[in-house]
Amino acid sequence: MNQEQFDKVRNGKGFIAALDQSGGSTPKALKAYGVEESAYSNEDEMFDMVHEMRTRIITSPAFTSDKILGAILFEQTMDRDIEGKYTGDYLWEEKGVVPFLKVDKGLADEKDGVQLMKPITDLDETLRRANERNIFGTKMRSVINEPNEHGIKEVIDQQFEVGKQIIAAGLVPIIEPEVNIHSKDKEQCETMMKDEILQHLDQLSEDQNVMLKLSIPTKANFFKELVDHPRVVRVVALSGGYSRDEANEKLRENDGLIASFSRALASDLRHGQTQEQFDAGLQDAINTIYDASVNKK
């Protein structure tokens, strides 16, 4: 593990940029960027276009380590290059931004009020390649829709089981049990989830560290115990479908919680913008998200 990167993620001021849309969510991300499905004829062309979009974001003068601590990449992005360097190397060597990798394979069908991760059958091989590509940590997402005790326990058990495999490979896992922001019992889901997470955190040894990526809680500072836990490197928040303004407002109420936004980061960016317009839109998004991550009420 790179100690300089670890210290930056644990102690730095800023937020994590989520640039990890994968196969299922890529068409939606491209459409939001102003690229219709008619602009590409197959999956290869689609991934070429989304890599162009990510490259444009990462190489922008607005995208710097002054306000961005890390960036989460999709597997294909990790394997591609930016200006002659693998994406992870470009992020760290040229931008001072810590690279992470999304490793999950998507969500299983809902059962017991939750969606577990699909099996990650090639995880060992993916982690080996992540180490080769100088990736610092990983991210994997599950979803909690209802306050079902059994379902929530399964989600957290699965997340930590896979997380320990990632730790053993020398990387820091971002554990992401997303609570659906539209759940009518969101606060109850959060209570049950937090209890399960704390049980697992308390069982980790001193050399086992994780990050958490969580929906912004209904009750301000509800995740303070998680933020302060010695085995937690950082707690980051997903925007979860909130607009950027709404996500920032909620984030500002939570001490120690920083952003890891995807849609909220790129919502004003369009394929047809001039470079000047693109950079200005990205800079505005970065400034407001950074401010909500660092300056609390």
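For the structure itself, look to the data block above.
Small disclaimer: the values here were computed from a predicted structure and weren't measured. (Residues numbered from 1 in each chain as written. Predicted model: local features only at pLDDT ≥ 70, side-chain atom pairs only at ≥ 80, totals over all residues. Heavy atoms only, no water.)

Caption draft 1: Fine view of the overall build of the protein. What the protein contains, in helices and strands, is twelve helices and eleven strands. Against the 2.2 N^0.38 benchmark of 19 Å for 297 residues, the protein shows a C-alpha radius of gyration of 18 Å, consistent with a compact globule. Projected onto its principal axes, the C-alpha positions of the protein cover 50 × 40 × 40 Å. For the protein, with 297 residues in total, the buried portion stands at 56%. Of the roughly 12800 Å² of accessible surface on the protein, 43% is carried by carbon and sulfur atoms. Across the protein, the centroid of the 37 positively charged side chains sits 3 Å from that of the 53 negatively charged ones. (Helix = DSSP H or I, 4+ residues; strand = E, 2+ residues; numbered from the N terminus. Rg over C-alpha atoms; globule rule 2.2 N^0.38 Å. Buried < 20%, exposed > 50% of the residue type's maximum accessible area, 1.4 Å probe, protein only. Areas by Shrake-Rupley, 256 points an atom, 1.4 Å probe, with all protein chains shown as cover. Lys, Arg positive; Asp, Glu negative; His and termini not counted. Charge placed at Lys NZ, Arg CZ, Asp CG, Glu CD.)

Caption draft 2: Local environment of the side chain of Lys 95. Take Lys 95: it is sitting in helix α5 (residues 87-95). The charged side chain of Lys 95 is buried without a salt bridge, its nearest counter-charge being Glu 83 at 8.0 Å. Non-local contacts of Lys 95, meaning those with residues more than four positions away in its chain, are made with Ile 58, Thr 59, Ser 60, Pro 61, Phe 63, Thr 64, Ser 65 and Tyr 90. (Salt bridge = Lys/Arg side-chain N within 4 Å of Asp/Glu carboxyl O. Contact = heavy atoms within 4.5 Å.)

Caption draft 3: Local environment of the environment of Asp 79. Following the sequence through the fold, Asp 79 ends up in helix α4 (residues 75-79). Distance in space between the C-alpha atoms of Asp 79 and Arg 129 is 8.8 Å, their sequence separation being 50 residues. Ignoring anything within four residues of it in the chain, the contact list for Asp 79 reads Tyr 86, Arg 129 and Arg 133. In this structure the side chain of Asp 79 is engaged in a polar contact, spanning 3.4 Å, whose partner is the side chain of Arg 133. (Polar contact = N/O pair within 3.5 Å; in protein donor to acceptor, adjacent residues only side chain to side chain.)

Caption draft 4: Representation of the pairing of strand β8 (residues 172-179) within the structure. Taken across its eight residues, β8 has eight buried, putting it largely inside the fold. Where burial is concerned, the two faces of β8 agree: the one with Val 172, Ile 174, Glu 176 and Glu 178 and the one with Pro 173, Ile 175, Pro 177 and Val 179 are both buried. Here strand β7 (residues 137-144) pairs with β8 via eight bridges, running parallel. Looking at the pairing, Gly 137 lines up with Val 172 of β8. Between β7 and its parallel partner β8, the chain crosses via helix α7 (residues 149-168), and the hand of that crossover is right-handed. Pairing of β8 with strand β9 (residues 210-215), which is carried by two bridges, proceeds in the parallel orientation. In the sheet register, Ile 175 faces β9, and the bridge partner there is Leu 212. Considered for its hand, the β-α-β crossover made up of β8, helix α8 (residues 186-202) and β9 is right-handed. (Pairing = 2+ DSSP bridges. Right-handed = clockwise from strand over helix to strand, strands pointing away.)

Caption draft 5: View of the packing of aromatic side chains. In the structure shown here, the tally under the stated rule is four aromatic pairs. A centroid spacing of 6.5 Å and a plane angle of 80° characterise the contact between Tyr 33 and Phe 278, whose relative ring orientation is edge-to-face. Within this pair, whereas Tyr 33 is found in the loop between α2 (26-32) and α3 (43-59), its partner Phe 278 is found in helix α12 (residues 275-294), the two being separated by 245 residues in sequence. Residue classification places Tyr 33 among the buried positions, given a relative accessible area of 5%. One Lys or Arg, Arg 56, reaches over the ring of Phe 278 and ends 4.1 Å from the middle of that ring. When the ring centre of Tyr 86 is taken as origin, the NZ or CZ atom of Arg 133, which lies over that ring, is 4.1 Å away. (Phe/Tyr/Trp six-rings, centres within 6.5 Å; stacked < 30°, edge-to-face > 60°. Lys NZ or Arg CZ within 6 Å of the ring centre and 35° of its normal.)

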